[in-house]
Amino acid sequence: MPRPLIYVAAILLALTVVPMACIVKNWYSPVKAATRIQIVPDMDDQPRFKAQTANPFFADGRAMRPWPAGTVPRGMLREDGRLYRAIEPDSTFTTAFPLPVTESLLSRGRERFDIYCATCHGLGGAGDGVTHRRAEALQQGTWTPPTDLASETVVGRSSGHLYQTITNGLRTMPAYGHQIPPEDRWAIVAYVRALQRARNATLDDVPEANRRQLR
Ligand code: HEC
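All residue numbers refer to position in the chain's written sequence, counted from 1. Local features are withheld for residues below a pLDDT of 70 in this predicted model, meaning they are given only at 70 or higher, and side-chain atom pairs are given and counted only at 80 or more; totals for whole chains, interfaces and linings count all residues. The side-chain figures draw on all heavy atoms in the structure; neither hydrogens nor water molecules are used.

Q: Would you explain the site of the ligand in this entry?
A: We call a residue near a given molecule or strand whenever any one of its heavy atoms falls within 4 Å of it. Around the ligand there are 23 residues in total, and C117, C120, H121, R157 and M173 lie nearest to it. Any N or O atom pair separated by 3.5 Å or less is treated as a polar contact, with the protein-specific requirement of one donor-capable and one acceptor-capable atom, and with residues adjacent in sequence counted only for side-chain atom pairs. One of the side-chain N or O atoms of H121 is found 2.8 Å from a nitrogen atom in the ligand. Looking at the shell around the ligand, the elements that each hand over two or more residues are α4 (118-121) and α7 (159-168). When residue character is reported, Ala, Val, Leu, Ile, Met, Phe, Trp, Tyr, Cys and Pro are called nonpolar, Asp, Glu, Lys and Arg charged, and the others, Gly included, polar. By residue class, the composition of the shell around the ligand is 15 nonpolar, six polar and two charged. Numbered from the N terminus, helices here are DSSP runs of H or I no shorter than four residues, and strands are runs of E no shorter than two.

Structural data, given as structure tokens:
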């Protein structure tokens, strides 16, 4: 390559690299008195306070403002303690169902149970779900078997108690309140009751006409 051409190439290179380098340097250097070069300003300059910082403007010295007392986000008013928290006004567990127990509630409950609970508790609630069987096979010694949902203890629990167990979990059982909406939790409780009834059924529960088929 002829020498002059190399000089020209070097000058051209310097001319392209130097301005870019200046822009990049300006872009990343902390804010100075001089205005930064902003190719894409987006929302770079917003008057705002950083989270978790002190701020002498407010009496309590915090930049983050607490909600005014009694604030309820839109659509989040959950006044009905029975439906949402399964507690009575005197703070005891609700025993009555806050929703009408219909066939569609039960089938919804069955569907949700099969999705969320059966993996551990088994489709019939006997505590023999696939997760349980796998954990038993691994023999790691750390697995707590899921409770049989038709056991006397669980049958004796109030419906509100069962709702709370789904909402908040229990010992080694995880909480499902963040995944299952309140109405579905009640649907699951209703279905658990149906499972308990079915698994503890006696001959008297079978209609007269069908008893013959059992024998
Ligand atoms: C990841 C496995 C797992 C899933 C999923 C699961 N459970 Fe459990 N559940 C357990 C275990 C383990 C226990 C026993 C906890 C203990 O005694 O430490 C338990 C206990 C319970 C009990 C007995 C509570 C008591 O009062 O003694 C109920 C009722 C129950 N689960 C209901 C449910 C329902 C309803 C679902 C579905 C929404 C569900 N569980 C999902 C593992 C699970």
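Q: In this structure, what is going on with the coordination of the iron atom of the ligand? I would like to understand it.
A: Octahedral metal centres with six donors ideally show angles of 90 or 180 degrees, and tetrahedral centres with four donors ideally show 109.5 degrees. Here the iron atom of the ligand is held by the protein donor atoms H121 (NE2) and M173 (SD), which lie 2.0 to 2.1 Å from it. You can call M173 partly exposed: its relative accessible area is 26%. Keep in mind that water is not among the atoms, so a site may look incomplete; donors are the N, O and S atoms within 2.8 Å of the metal, or 3.2 Å for Na, K and Ca. Only protein chains enter the accessibility calculation, which uses a 1.4 Å probe; a residue whose area is less than 20% of its type maximum is buried, one above 50% is exposed, and one in between is partly exposed.

Q: What's the story with the side chain of S159 in this structure? I'm lost.
A: In this structure, S159 sits in helix α7. For S159, a relative accessible area of 5% gives the class buried. Any pair of residues with heavy atoms lying within 4.5 Å of one another is described as a contacting pair. Other than its neighbours up to four places away in sequence, S159 contacts T94, T95, F97, W186, V189 and R193.

Q: What should I look at first to understand the packing of helix α3 (residues 103-116) against helix α8 (residues 182-199) in this one?
A: Packed helix pairs are specified by the crossing angle of their axes together with the interaxial distance, meaning the distance between the axes. For helices, the fitted line uses only the C-alpha atoms of the stretch in contact; every axis is such a line through C-alpha atoms, and the angle between N-to-C directions lies from 0 to 180 degrees. Contact geometry of α3 with α8 gives a least axis separation of 7 Å together with a crossing angle of 90°. Classified by the angle their axes make, α3 and α8 are roughly perpendicular. Residues L105, L106, R108, G109, R110, R112 and F113 of α3 pack against E183, D184, A187, I188, A190, Y191, V192, A194 and L195 of α8. Considering only residue class, the contact of α3 with α8 consists of 10 nonpolar, one polar and five charged. Small angles under 35 degrees read as roughly parallel and large ones over 145 as roughly antiparallel, with 65 to 115 read as roughly perpendicular and the rest as oblique.

Q: Whenever I open this one, the pattern of salt bridges confuses me. Can you help?
A: For side chains of opposite charge, pairing can occur when their charged atoms come near one another. The working definition used for a salt bridge is a side-chain nitrogen of Lys or Arg within 4 Å of a carboxyl oxygen of Asp or Glu. If you walk through the whole model with that rule in mind, you get eight salt bridges. We note a salt bridge from E111 to R108, for which the minimum N-O separation is 3.3 Å. Of this pair, E111 and R108 both sit in helix α3, three residues apart, which is roughly one turn of the helix. Overall, the relative accessible area of 37% leaves E111 in the partly exposed class. Residue R108 is classed as partly exposed on the basis of its relative accessible area of 33%. R197 is paired through a salt bridge with D205; the nearest N and O atoms lie 3.2 Å apart. The class for R197 is exposed, based on a relative accessible area of 57%.

Q: Would you mind showing me how to read the nonpolar core here?
A: Inside soluble globular proteins, nonpolar side chains tend to come together where they are buried. What we call a nonpolar core is a set of buried Ala, Val, Leu, Ile, Met, Phe, Trp, Tyr and Cys residues that are connected through their side-chain atoms within 4.5 Å. Judged by nonpolar contacts, the single largest core of 23 residues is most densely connected at F113, I166, I180, W186, I188, V189 and V192. Counting residues per element, the ones that place at least two in this core are α3, α7 and α8. In terms of residue count, α8 provides more of this core than any other element does, eight residues in total.

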